[in-house]
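# Report on the structure
In case you want the letters, here they are:
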Amino acid sequence: MPGEPWSSGVRRGPDGALSVGGVDVRELAAAQGTPAYVLDEADLRERARSYRRAFETAFAEVGAGVDVYYAGKAFLSVAVARWLHAEGLRIDTATGGELAVALRAGVPGEHVGLHGNNKSDAEIARALDAGVGRIIVDSLVEVERVAAAARARGGAPAPVMLRVTTGVHAGGHEYISTAHEDQKFGLSLATAPGAQDEDSPAMTALLAVLAHPELELLGIHSHIGSQILDPSGFEVAARKVLELRAALAARTGFLVPEVDLGGGYGIAYLPGEVSLDPDRIAKDIAASVAATSAELGTPLPRFSIEPGRAIVGPAGLTLYTVGTVKPVRVAGGGAGPEAETFVRTYVSIDGGMSDNIRPALYGADYHAELANRLSDAAPVLARVVGKHCESGDIVVHEVLLPGDVRAGDLLAVPATGAYGRSMASNYNHVPRPPVVAVAEGETRVLVRRETEDDLLALDLG
């Protein structure tokens, strides 16, 4: 069993070939083709159970309830939504399309949340008609828009949470750190310099929600970033949200019943890295919010969290076939004819940035291994690159691969279950790969491979 960053169902046999969930990757590649996203169902379900158990246990010990929402943006399909709901998770969606998938899966509306910094009128209407359990409001303007949509329906008040930005900067890259001030999400807790007597944007929006009879204020939402490996940021953000909750109660007498602490729990992408432990995170956060609430003199609210990558990321790998292998001599530093050089082996695969944009977008690091055979060849410094017409089309920036890696070999890249298929594109008119689930020696296609006919069907000439 290779261990992290591979899923728990990955094994390497005596002949060197990998298997996932009891399925040999050579057989999978022969049946499904490559590239292919491979999802270990048992691993996915166990990670979901681990997060639910850890947080339910830790928060029960301090006298609070908790709900676990799966952040569908990481990867969502009908089957995955069904599996995770069966494991006791709710589903968090960020667009009308994700909402449609959750509803198609049969997830009850009250167990679905809708996020988004720029929801369309149609998305708001669909969420209300589906009876979603929460709409996370992201701006003062959206308070009015959701209220108007609820008023037009004349039914029960729309259940809303207000997303706030706590000023906590956390995450693996600027683009996935979402609680600092200078970005598009949420409403700031900070007041303008020299305007201490003015309400913060967050307080202004909370008061606006309470002023609308068409809205039911469920609580306050905070999400500080993604791929977070230092859990202290969660505790700092939670304190700020609980302080805002107490301030609103002192101002209005209304104590919001729920606080959502978001997600962003980091995972291992490279050998030697360690994913955040859900038991440790849950215990630390529960102790922190209990202490803060006691200090503020307010009872604990119900909490919710939103893991996505932490559940689906390690459960997936991407399987590729090697094509061109090209040694390239690279200058290693210095100047003139005496400059040292080294050879980097460029290993081209049949996918690339269209099925994993994260290395190009974030500079994300991944690992790769030969998946179809043993090799006793000396390792070489390699870069795994795709087939697209971009020099930045890199899947793995640096990895040691056997020196005899050759066309026809299979390469497996672990920890691609999150943000691989969900961020995939048709760049260069390349059809997107399938998502194939494996469990107990059986395979099941969850999302079929796109074809050129699919691409041409959209082109009306």
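Cut-offs and rules
Residues numbered from 1 in each chain as written. Predicted model: local features only at pLDDT ≥ 70, side-chain atom pairs only at ≥ 80, totals over all residues. Heavy atoms only, no water. UniProt positions renumbered as here; feature names shortened; annotations may be inferred. Helix = DSSP H or I, 4+ residues; strand = E, 2+ residues; numbered from the N terminus. Buried < 20%, exposed > 50% of the residue type's maximum accessible area, 1.4 Å probe, protein only. Contact = heavy atoms within 4.5 Å. Axes fitted to C-alpha atoms, helices over the stretch in contact; angles between N-to-C directions. Parallel < 35°, antiparallel > 145°, perpendicular 65-115°, else oblique. Left-handed = near helix turned anticlockwise from the far one by under 90°. Nonpolar A, V, L, I, M, F, W, Y, C, P; charged D, E, K, R; others polar.

### A few points about the UniProt feature "active site" (unreviewed entry) in the protein
- Residues annotated in UniProt with the feature "active site" (unreviewed entry) correspond here to Cys-389.
- Position of Cys-389 among the secondary structure elements: in the loop between strand E17 (379-385) and strand E18 (394-402).
- Classification of Cys-389 as exposed rests on a relative accessible area of 66%.
- With near-sequence residues (within four places) excluded, Cys-389 lies in contact with Tyr-427 and Asn-428.

### Quick look at the packing of helix H2 (residues 41-61) against helix H3 (residues 78-86)
- For the pair H2 and H3, interaxial distance at closest approach is 9 Å and the crossing angle is 45°. The angle between H2 and H3 places the two elements in the oblique class. In this structure, H2 crosses over H3, and the sense of that crossing is right-handed. When H2 is examined against H3, the residues Glu-41, Leu-44, Arg-45 and Ala-48 are found in contact with a partner set consisting of Val-80, Trp-83, Leu-84 and Ala-86.
- Split by residue class, the contact of H2 with H3 holds six nonpolar, no polar and two charged.

### Topic: the packing of helix H5 (residues 121-129) against helix H6 (residues 140-153)
- In contact at an axis separation of 10 Å, H5 and H6 are set at 50° when each is read in the N-to-C sense. Between H5 and H6, the crossing angle belongs to the class labelled oblique. Crossing of H5 against H6: the hand is right-handed. Across from Asp-121, Ile-124, Ala-125, Leu-128 and Asp-129 in H5, the residues of H6 making contact are Arg-145, Val-146, Ala-149, Ala-150 and Arg-153.
- Along the lines of polarity and charge, the residues of the contact of H5 with H6 split into six nonpolar, no polar and four charged.

### Structural notes on the UniProt feature "binding site: pyridoxal 5'-phosphate" (unreviewed entry) in the protein
- Feature annotation in UniProt assigns "binding site: pyridoxal 5'-phosphate" (unreviewed entry) to the following positions: Gly-264, Glu-306, Pro-307, Gly-308, Arg-309 and Tyr-419.
- With respect to the helices and strands, the residue Gly-264 is situated in the loop between strand E12 (258-260) and helix H9 (278-296).
- Using a relative accessible area of 10% as the deciding quantity, one classes Gly-264 as buried.
- Leave out the neighbours within four places in its chain, and Gly-264 touches His-223, Gly-225, Ser-226, Gln-227, Ile-228, Phe-234 and Glu-306.
- Residue placement: Tyr-419 occurs in the loop between strand E19 (410-414) and strand E20 (435-439).
- Judged by its relative accessible area of 11%, Tyr-419 falls in the buried class.
- Discounting chain neighbours no more than four positions away, the residues touching Tyr-419 are Lys-73, Ala-74, Arg-309 and Arg-358.

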